[in-house]
Each structure stands twice: as C-alpha cells, then as structure tokens.
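# Structural overview
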Amino acid sequence: MNVNFVIILGLLGLLNAVQGRGIPFLKQSQSPAEYNGLYMKTDDVQELIGKEQFRTAVFHQNRASFVEFYNSFCGFCRRFAPHWIQLGEETRSWRDIVDILAIDCSSDENSEVCRDFEVMSYPTVRYFPANYEEGPNQIGKSVYRPDSETLKETLINFLHTDEHKLPSWPDLDDVTADSAAELFTTAPQNIKIVYVVLENVQEPNKNTTGAQVILDLHKMKEALVRRASSLDFLHPKSDTRPALFAIHRDDLSIEELSGDKEATREDLRNMIMANLVKNNIAVPQTSPIPLPVSEKTPDSSIPDWMKHKQDQAIQDKVAQMKGVVFQADLEQALRFSIFHEIPRYGDIRDDRLLALKRFLSVLSRYFPFGENGRKFLKELETFVGQKEDSVSGEEFEKYAKNLEEANRPVFSSTKFVGCYSEVDGLRRYPCSLWLLFHHLTVAAVEQNVSTDPLEVLHAMHGYIKHFFGCTDCSNHFQEMARKKRLFSVASQDNAILWLWSAHNEVNRRLAGDATEDPAHPKVQFPSAAECPQCRRGDNASHNDGSEIPWDRTEVLFFLRRIHSVQNISRLGVDDESALPATLDVLRAKRYVSNVFSDIDMRMGLLLYGFCICMLLAAVRLFLKRGYRKKMYIHDLLGKV
C-alpha cells in the first residue's frame, strides 16, 4: 500500500478520534504574525494593524493620539496592558480630543511601522498632537519609562502643553480672576454657571483631578469647568483639596459644593451633574464612543475547522511525548528573529552589528537545517559579514526574504508545537528561543567545530541585549549574566550547564507571574519524573530550585541527550524536503537505487541455496553410481 495513502488514512482516523471525544477547538497561530495582540474588541483601546491603518489613525486628525507600541510576548507589556485598558476606559469621554491606540510590533504586518518610528524597546508610549504631519523624524513625543500609575497625568500634561491643540479643546490652564464677574468675561455668552475646582498649589503637574473633570465634562453647553490653585474671592470652609465651587452668571452668587471631605474625580463629577439638574441645565452625555474595530483577513486556504482539528491532534500527540525538542519550534524562533526582530532597527551598527554577526555565525554552523536552509544561513552570514560599518534593518529583511525565495524550501514548518500555548502571547517565541540556544550549546559540543566555550553564549548575550523585543526581559538577562559570570565559562560542557542554570533561575523568578501559562507552569527542569537521577537527597522532588541538590554530571548527560540533533522530532513539520533525510529514508533510497529489489534479493538467496542443494545431490548420486562391486574368481566359476 502506498505510504502517503497510509499516512493520510492515519491522520483522518486521528482527526475523527479527536472529534469523537468532543475536544473543543483551539486556535493555533500559524506564525507569530497571526497573534491577535493583547487587546480585545471590547476594550477601549483601538488596535492598529498595518501601515495604512496607522497613518489613517494618527496623521491629519482633529484629535491627538496616545499610542502604545508593544510586543505581545513581552512580559512587561502583558503586565502593562491592563493599565492601558484602564486608561482607555477612564478617558472614554475624551475620545474626540485624544484616542487611545495600540500596535503590536510582534506582528509582521506592523514591522515596517515600528521600524519607521524607531521603536527600540517595549512598551514604548508616544503622544501625537492633533493634525500631526508625516515627515522625517516625525515619530511623536516619547514617554520616558511609561509608568502605569501616572499614565493619566502624563497624558493630561501633553494635552495641556500641546502647541497644536485645537480651539475647541477645553482650557486646562489655571484660571485667574479678581472677582466672580471676571470669570465670565472670557466665557461664551451661553454659559450660565462656571464650576471652579480649587486644587493644591504643591506639585501642580501631579494635581490633575481638576483637569480630568474638565475633560470629562467638556461637552457641556451651558456650563464650564475651570481649575485654579487659588482665587481670593473664594473662601473654602476648610483646607481640604480639591474644593468645588459653582459661580452663577445671573446673580454672581458663589456656592460651595464640596464639604470638608477630600473629593475624588468621580465625586466632583457627580456634584456637578447633580447641580446641573438642580439648575435645569442639560446634563452632558458621557456614554462610551464606539471604537472602530480592526478585522484581520482570515486565511481561507484551509477551513478553520480543519486547522483546529489538526492543531488539537498535534497537541494530543505532544502531551504523550516527553523529553523531545521539536524542529518546528526551533524554526519558529529562527524565522521570527530573522524576519522580525532584527529588521525592526533602522540602522544596525557598532556593537549591535557585531552581535548580529556572531548570532548568524553560530546559526550557520549549528542550526539543524537541510541543504537549502544551510545555504540560506551561510549566504546571509556572508552578506552581513561584508558590512564593515552598518546595515539597515530594511536592507537586511529584503535580502533575507530574497534568499528564502531563491532557496525554497528553507523552512519545514509554520507553527509552534512543543512551545504552543492556547493563550496568544504566552510561551511560543520566548520558549522557542530558549530551546534554540539550548540546542546550539549542545550542537557546538557534538559537532566539535570550535573549542571556544563562549561561542554560543556570547552570541546569545549579544542577541538578547541588542535584538530581543522584551526590554524588561533583556535587562534581567544582562544582570543575571553579570551575576552568574557568563563570560567566565571555561568549557563547552559548562556552557550547556550555565544556560540550564540561567533558564531555571528565570523560571523561578517568573513562576506565578502574569506571563506564565497555567497549562505549562514554570518549574525547575528537569523534573524528578523526567530525570530522577538528576536530583539527589530528600528534597529531590522539590521545584523551587534553591533546595534541589542537583547531580550536575547527570544533568549534563540529560541535557546533551534531550537537545541533541538526534532527538529532534519532526512532529508538525509540513515539508520534509526542507530537512536532511532520515535514516529510514536513506535506506529506502539505497534499496530503490539497487538493480535488485528487496524481494529480488531474497529470491536470489533462495535460488542460490536451492542450487547448492542440487549440486550436492548430484555429486552424491554420481559417486554412488560410480561404485562397482569387486569380481572374484569363484563368482565366474560358479556361473560356468
């Protein structure tokens, strides 16, 4: 029976089994470019996709834009996301003045945007004024080290000092007046009441409660909210701030609405709304403004139900396989680094260029590619190696894509397998990058091309420092490398162990973190079940790392076996022709190329044995027939 036909039948049977068990469909992104991002359609954050959508949302608008450039696999970005969502919710009624936007730089569709806007770390927050124009170096105003606790204050300060603010925007300046009547001299004629929020004089940039209330209620038609540090004609009953006053145009009467209790933004807003009702003034509509929803064009080449079943079938198989590294995960790490992380830099030079050369060098030597893939990496290494001063990210990306096209097939898979997570942004690329460097440290020992113990670790350190998208993770790794004396590693075996120890330290630090996938908790590796001989003593089953008495010799043996090229599984591989032939394939090719088939050889041996038997029988018969009885004289006389 044809082998391919058997495989198809087996796959269909497995898919039917999955369907029969009623396992819910899971989404498996086919590449990092297909991440949905950190924000849902129901969040008050508009997720931008692609250059055109970014241009339309940010440039030539009669409102400002507050944009977060993030990376969906960045741990700090994941922890920052709820605060960005909260900012969107709390500024919902400001949407005609400023929009809260986000763009996922881990998506291939957004690579060009993030490179053009010189996004070097994540998250990066930029403010774009109203009517912002495109042009060189027009990348918005950066927020230095975005702080989730001061996002509103930072945004209000931008709106307050914006040189391009529109006349229709509310006035956030402190009002000054010598009398109640003077408050109405600059106010429109239809304004019946001016509400004044009296704030603290200390640290005016942090006292933004009044400004928030002004922005919340800026759509009022017959009333106006202003802020002030002090007004001599106002006499608050206590020193509590903020204090709220209502000044009426008709009789210039002054009414203190706040008491001696410190009022919050919501308290002030409710006081004003109640006073509007009391004075028969229309209450402004503060309902949320619908946000435009960005839709991604689905891939219609394969039905979604088939993708779901295939992915679930693969994950069922992965769950049964322990101590295996998957080719698909290694390729996803390589693909994302080359086509996304490295090209995001406008200009790669100096230490960053050196780090790129080292990274490509170890990949060219040790990555488990087929002939086309090895040629792809070698030519890419040569291309960058010839650059003495710099190479642009755009030039690098274009050359890499052309190389891939010219050497197809280079990659054998387009999905995560062992590093897959049901939750977008968890595991996946960071997981696969760890696996990649683990494999490279072991491959360096196996292939024995170089005796430099720092070859792979140096490349890893440079890549994490200069290219890895999670800035917070990069800083943690560099600090750990310094404390654990990465550059003092003296042998290639110790390089394997150093990386293993560093990985366990990261797992210990991130256990229980927002970046942890509940289905794959961060424990100390290898577990007692995976390698019981790797742990010694009564505490061998503990997973906190500090109490585990490791047998480093056994750990080294385990790591060299797990991350060996011989232990790489091809589960999830789509194109076998991109990879080196397996032993079974080579054996099959050798048999096919012989003059005689396997059956022919067996028949030949049978005939050979039969011929030997016939020859022996013939010799024996000949010898028997050649024997004659000896004649004696009495025999002849008897016959006479």
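Our subject is the structure listed above.
In short, a report on the structure. (Residues numbered from 1 in each chain as written. Predicted model: local features only at pLDDT ≥ 70, side-chain atom pairs only at ≥ 80, totals over all residues. Heavy atoms only, no water.)

## Brief notes about the overall build of the chain
Our working rule: Where helices and strands are cited, they refer to DSSP runs of H or I of at least four residues and of E of at least two residues respectively, numbered from the N terminus. Residue burial is assigned from relative accessible area. The probe radius is 1.4 Å, only protein chains are included, and a residue is buried under 20% of its type maximum, exposed over 50%, and partly exposed in between. Should any heavy atoms of two residues lie within 4.5 Å, those residues are considered in contact. A 1.4 Å probe and the Shrake-Rupley method give the accessible areas. Residues count as covered only by the protein chains that appear here.
Across its full length, the chain holds 20 helices and 13 strands. A total of 640 residues make up the chain; the buried ones form 48% of that total. In the chain, the share of contacts with a sequence separation of at least 24, taken over all contacts with a separation of at least 6, comes to 75%. Surface summary for the chain: the accessible area is close to 33300 Å², and the carbon and sulfur share equals 53%.

## Describing the packing of helix H10 (residues 350-366) against helix H14 (residues 455-466)
Operational definition: Only the stretch in contact is used when fitting a helix axis, every axis being a line fitted to C-alpha atoms; angles between N-to-C directions are given from 0 to 180 degrees. The labels follow the angle: roughly parallel below 35 degrees, roughly antiparallel above 145, roughly perpendicular from 65 to 115, and oblique for the rest. For a crossing to be left-handed, the near helix must be turned anticlockwise from the far one by less than a right angle; the clockwise case is right-handed. Residues were grouped as follows: Ala, Val, Leu, Ile, Met, Phe, Trp, Tyr, Cys and Pro as nonpolar; Asp, Glu, Lys and Arg as charged; and all remaining residues, including Gly, as polar.
Remark: H10 packs on H14, axes separated minimally by 8 Å, with the N-to-C direction vectors making an angle of 135°. The angle between the axes of H10 and H14 places the two elements in the oblique class. Considering the relative orientation of H10 and H14, their crossing is left-handed. Packed against H10, whose contacting residues are Asp351, Arg352, Ala355, Arg358, Phe359, Val362, Arg365 and Tyr366, the element H14 presents Glu455, Val456, His458, Ala459, Gly462, Tyr463 and His466 at the interface. Taken together, the residues of the contact of H10 with H14 break down into seven nonpolar, three polar and five charged.

## Let's talk about the packing of aromatic side chains
Where we set the bar: Stacked, edge-to-face and tilted labels apply to pairs of Phe, Tyr and Trp rings (six-membered ring for Trp) whose centres lie within 6.5 Å, assigned for plane angles under 30 degrees, over 60, and everything in between, in that order.
Evaluation of the coordinates by the stated rule reveals 33 aromatic pairs. The interplanar angle of 45° and the centroid separation of 5.9 Å between the aromatic rings of Phe54 and Phe69 together place this pair among those described as tilted. A residue pair is termed long-range when its members are at least 10 positions apart, and Phe54 in helix H2 (residues 51-58) and Phe69 in strand S2 (residues 64-70) qualify at 15 residues. Take Phe54 and Phe69: they sit in the same class, and that class is buried. Aromatic ring contacts, followed pair by pair, group Phe54, Phe59, Phe69, Phe117, Phe128 and Tyr132 into a single cluster.

## Notes on a nonpolar patch on the surface
Going by this rule: Within the patch definition used here, like charges are joined within 9 Å and nonpolar side chains (Val, Leu, Ile, Met, Phe, Trp, Tyr) within 5 Å, considering only residues with over 30% relative accessible area and no salt bridge. The salt bridge definition used is simple: a Lys or Arg side-chain nitrogen within 4 Å of an Asp or Glu carboxyl oxygen.
Together, Tyr608, Ile612 and Leu616 give the surface a local cluster of nonpolar side chains, amounting to about 340 Å² of exposed area. Relative to the helices and strands, Tyr608 is located in helix H19 (residues 598-625).

## What about a negative patch on the surface?
Rules: This count recognises Lys and Arg as positive and Asp and Glu as negative, with His and chain-terminal groups excluded. Charge placement uses NZ in Lys and CZ in Arg. For Asp and Glu, CG and CD serve respectively.
A surface patch of negative charge is lined by Asp350, Asp351, Glu388 and Asp389. Examined against the element boundaries, Asp389 turns out to sit in the loop between helix H11 (371-385) and strand S12 (390-391). Under the relative-accessibility criterion, Asp389 is labelled exposed at 56%.

## What to know about the state of the cysteines
In a disulfide, the sulfur atoms of two cysteines are covalently bonded to one another. To keep it simple, the criterion reads: We call a pair of cysteine sulfur atoms a disulfide when they lie within 2.5 Å.
Under the defined criterion, the tally for this structure stands at four disulfides. Paired by a disulfide, Cys419 and Cys431 hold their sulfur atoms 2.0 Å apart. On the sign convention where negative is left-handed, the bridge of Cys419 and Cys431, at about -65° about the S-S bond, is left-handed. On the criterion of sequence distance, the pair formed by Cys419 in the loop between helix H12 (393-406) and helix H13 (428-447) and Cys431 in helix H13 is long-range, its members being 12 residues apart. Grouping residues by exposure puts Cys419 and Cys431 together as buried. Note on cysteine connectivity: Cys470 is disulfide-linked to Cys473, with sulfurs 2.3 Å apart. Across the S-S bond of Cys470 and Cys473 the torsion is about 65°, and the bridge reads as right-handed.

## Some thoughts on the environment of Leu556
Mapped onto the secondary structure, Leu556 falls in helix H17 (residues 552-562). Between the C-alpha atoms of Leu556 and Trp500, which are 56 residues apart in sequence, the distance is 9.1 Å. Excluding residues within four positions of it along the chain, Leu556 makes contact with Asp493, Ile496 and Leu497.

## Quick notes on the nonpolar core
Considering soluble globular proteins, one finds that nonpolar side chains tend to be buried as a cluster. The test is simple: Throughout, nonpolar core names a set of buried Ala, Val, Leu, Ile, Met, Phe, Trp, Tyr and Cys residues whose side chains join them through atoms within 4.5 Å.
Residues Phe54, Phe66, Phe69, Trp84 and Leu159 are the most contacted members of the largest nonpolar core, which totals 147 residues. Top contributing element to this core by residue count: H13, with 12 residues. Not counting residues within four places of it along the chain, the set of residues in contact with Phe54 comprises Leu48, Phe59, Val67, Phe69, Ile103, Val113, Phe117 and Phe128. Core analysis: the second largest hydrophobic core is formed by 17 residues, Ala180, Val196, Phe233 and Leu234 among them.

## Considering unusual backbone geometry
Most peptide bonds adopt trans geometry, and most residues besides glycine take a negative phi value. Cis peptide bonds are those with omega within 30 degrees of zero, and the linkage from Tyr122 to Pro123 qualifies with -10°. Here the amide bond leading from Phe525 into Pro526 is cis, since omega sits at -5°, within 30 degrees of zero. Topologically, Pro526 is positioned in the loop between helix H16 (492-510) and H17. Despite not being glycine, His60 has its phi angle at roughly 55°, a positive value.

## Let's talk about the sheet that holds strand S5 (residues 141-143)
Under the convention used in this document: In this description, strands pair whenever DSSP reports at least two bridges between them.
Taken in spatial order, the five strands make up an open sheet running S1-S3-S2-S4-S5, and their pairing is mixed. Every interior strand has two partners, whereas the edge strands, strand S1 (46-48) and S5, have only one. On average, each strand axis in the sheet is tilted by 30° relative to the strand beside it, whichever way the strands run. One ladder, built from three bridges, connects S1 with strand S3 (residues 98-104); its direction is parallel.

## Side note on the packing of helix H9 (residues 327-341) against H11
Packing of H9 against H11 leaves a shortest axis separation of 14 Å and a crossing angle of 30°. Crossing angle aside, the handedness with which H9 passes H11 is left-handed. Mapping the contact onto sequence places Leu334, Ile338 and Phe339 in H9 and Phe376, Leu377 and Leu380 in H11. Class assignment of the residues belonging to the contact of H9 with H11 gives a composition of six nonpolar, no polar and no charged.

## Description of the pattern of salt bridges
As enumerated under the stated definition, the model contains 30 salt bridges in all. Asp347 is paired through a salt bridge with Arg349; the nearest N and O atoms lie 2.6 Å apart. The exposure class of Asp347 is partly exposed, given its relative accessible area of 35%. Given a relative accessible area of 36%, Arg349 falls into the partly exposed group. Salt-bridge contacts for Glu381 lead to Lys378; the nearest nitrogen and oxygen are separated by 3.4 Å. Residue Glu381 and its partner Lys378 are located together in helix H11, separated by three residues, close to a single helical turn. A single salt-bridge network, built from bridges that share partners, covers Lys51, Glu112 and Asp116.

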